[in-house]
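Observations on the model geometry
Each chain is listed here by its residues.
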Amino acid sequence: ALAELKDTQLHFIQVVASSNKARVENLAKSLEQKYKVKTRVQSANNLYRLQLGPIGQQQLATKLTETLKQEGYPNSYLLTEWTKINEPTLNSIVD
């Protein structure tokens, strides 16, 4: 089947960054349960960044960022990443 690559935006919200990996991982679990959003921990230079996402719609991501700021995470901010996804073309659908 033929497929073409399509640029897609993925939104993540960085909530905190800390050198305490255990603290970041525990917070990740609690935020996943509270907001029903997946999390990821990015590490670089002994710093662990807790990010919520990916969130497909920017409007939802923006709204959640504001909620996080109001609920005790004032340094939360939105990140946008571009990724390529395979999208079926008409040729792959037609027999």
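Structure: see above.
Described below are features of the structure shown in this document.

Reading the values: the criteria
Starting afresh in each chain, residues are numbered from 1 along the sequence in its written order. In keeping with the predicted nature of the model, local features appear solely for residues at pLDDT of at least 70, side-chain atom pairs appear and are counted solely at 80 or more, and the whole-chain, interface and lining totals rest on all residues. Each side-chain value is derived from all of the structure's non-hydrogen atoms; neither hydrogens nor water enter the calculation. Any Lys or Arg side-chain nitrogen located within 4 Å of an Asp or Glu carboxyl oxygen qualifies as a salt bridge. We count a stretch as a helix when DSSP gives it H or I for four or more residues in a row; a strand needs E for two or more, and each element gets its number in order from the N terminus. A simple rule labels every residue: compare its accessible area, found with a 1.4 Å probe on the protein chains alone, to the largest value its type can have, and call it buried under 20%, exposed over 50%, or partly exposed in between.

1. Comments concerning the pattern of salt bridges
Taken as a whole and assessed by the stated rule, the structure comprises 3 salt bridges. The partner of K34 in a salt bridge is E71, and the shortest N-O contact between them spans 3.2 Å. Of this pair, K34 sits in helix α1 (residues 21-35) while E71 sits in the loop between α2 (58-70) and β4 (77-88); the two residues are 37 residues apart in sequence, bridging distant segments of the chain. According to the relative accessible area criterion, E71 is partly exposed, its value standing at 39%. Put simply, R40 and E81 hold a salt bridge, and the shortest N to O gap is 2.5 Å. You can see R40 sitting in strand β2 (residues 39-44) and its partner E81 sitting in strand β4, a full 41 residues away along the chain. Residue classification places E81 among the partly exposed residues on the basis of a relative accessible area of 31%.

Any link to function would need more than the numbers given here.
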